[in-house]
Amino acid sequence: MTDRLVYWAYAAGWAVLKHLPESWARALFDVLADYAWRRRGKRVLQLEANLRRVRPGLDEAGLRELSKAGMRSYLRYWMESFRLPVWSRERVARDVQVDGFELLEENLKNGRGAVIALPHMANWDLAGTWVAQKGHPFTTVAERLKPERLFDRFVEFREGQGMEVLALTGGSVNVIGTLARRLRAGKMVCLVGDRDLSEAGIEVSFFGERTRMPAGPAALCQRTGAALLPVTLWYDGPVLRGRIHPEVVEPQVGDRKERTLAMTQAMADIWERGIAEHPQDWHMLQKFWLADLPVRETVAGKAVPVPAGEPAAEATGS
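Rules used throughout
Residues numbered from 1 in each chain as written. Predicted model: local features only at pLDDT ≥ 70, side-chain atom pairs only at ≥ 80, totals over all residues. Heavy atoms only, no water. Helix = DSSP H or I, 4+ residues; strand = E, 2+ residues; numbered from the N terminus. Buried < 20%, exposed > 50% of the residue type's maximum accessible area, 1.4 Å probe, protein only. Contact = heavy atoms within 4.5 Å. Areas by Shrake-Rupley, 256 points an atom, 1.4 Å probe, with all protein chains shown as cover. Salt bridge = Lys/Arg side-chain N within 4 Å of Asp/Glu carboxyl O. Pairing = 2+ DSSP bridges. Axes fitted to C-alpha atoms, helices over the stretch in contact; angles between N-to-C directions. Expected span 1.5 Å × (residues − 1).

## A short note on the overall build of the chain
- Broken down by element type, the chain carries 11 helices and 11 strands.
- By the burial criterion, 52% of the 318 residues in the chain qualify as buried.
- A separation of at least 24 residues holds for 76% of the contacts in the chain among residues at least 6 apart in sequence.
- Counting every atom, the chain has about 14,700 Å² of accessible surface; 54% of that belongs to carbon and sulfur.

Below, the structure is given as structure tokens:
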């Protein structure tokens, strides 16, 4: 799909979906999800390969049903996001329920600041809207998309929901420095942190295999003293449910790299448990584990897996 068509597809979603009756919109996106699932394109096949790691005991029929539910969850995210600008505050308050919110409020109240770190589960945009409407606007980071105007539309959408959005690359501000300043001011930073987009993440164990996750959440907390609070999300019927888990505390032993690794692994372990409980709501349609990534080069005698490119339509959750 060309950049122009990608842009107009998303623009049409924002322009049209919010005017449809919700029952029609949900039915339409279920049909689209089922169509994509039946076609068994490379993204559906990759989703199944990822889910096989999460539920290794499933037979092929069970795996297919799980991937079908996963595609419906993924398209539900898009349907809700396209309609979110016209949802009332009452609707958001009714349809989002979060356990452990007091852990976040405590750290913000005492001026410490907090990094909320979550995987690509359920609807992180809706969860962010809920947090902002509770009186806690925050700063986040977004991957720069092509075409540029599509990225601008996503920034406009998220800023309209109460988020400050920084471009991961190509912006005029120092991203890490800005995030650190927000945290030192006692504010909140939210980062979707299961996928390593920098090719420089930390190697961790996840469902028994090696992958890389960004070091940013742990490193920011070490740098600023902010609390690192992992979050998991899932759908429960019409409701988006979430859980803010207890703080991942920086170890008192080891050098900085070892402490960052320990914190990132602890965060990954929490996400692993949440994804195991709600695998259909983990929207990972890309290659994720190192064993699946192409090897491009060797550094210091060690093969380095490099993430393959992906269309903008599947990179927008960062």
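Once you've had a look at it, read on.
## Some points on the side chain of S67
- Counting through the fold element by element, S67 comes out in helix α4 (residues 60–83).
- Once residues lying within four places of it in the same chain are set aside, the contact partners of S67 are W37, L47, E48 and L51.

## Observations concerning the pattern of salt bridges
- Using the criterion set out here, one finds 22 salt bridges in the structure.
- Here R40 and E48 are joined by a salt bridge, their closest N and O atoms 2.9 Å apart.
- Since its relative accessible area comes to 28%, R40 is described here as partly exposed.
- Relative accessible area serves as the criterion here: at 3%, E48 is assigned to the buried category.
- Across the pair D236 and R241 runs a salt bridge, and its minimum N-O distance is 3.8 Å.
- Note on R241: relative accessible area 21%, which makes it partly exposed.
- Connected through salt bridges with shared partners, the residues E22, R26, R76, E80, R83, R91, R94 and D95 form a single ionic network.

## Here's the deal with the environment of Y74
- Tracing the sequence through the fold places Y74 in helix α4.
- A relative accessible area of 11% means that Y74 is categorised as buried.
- Residues Y74 and D281, 207 residues apart in the sequence, show an inter-C-alpha distance of 7.2 Å.

## Describing the sheet that holds strand β3 (residues 138–142)
- Ordered by their spatial adjacency, 7 strands build an open sheet running β1-β9-β8-β2-β5-β3-β4, and the pairing between neighbours is mixed. Both edges of this open sheet fall to β1 (96–99) and β4 (163–167), since each of them pairs with a single strand only. Within the sheet, the average angular offset between the axes of one strand and its neighbour, ignoring direction, is 25 degrees.
- One ladder, built from 3 bridges, connects β3 with strand β5 (residues 188–192); its direction is parallel. Directly across from T139, in β5, lies its bridge partner V189.

## Re helix α3 (residues 42–54)
- With 13 residues, α3 should reach 18 Å at 1.5 Å per residue; the first-to-last C-alpha distance of 19 Å fits that figure.
- Listed as buried for α3 are R43, V44, Q46, L47, E48, N50, L51, R53 and V54.
- Contacts from the buried residues of α3 go to α2 (22–39), α4, β7 (209–213) and α11 (256–277).

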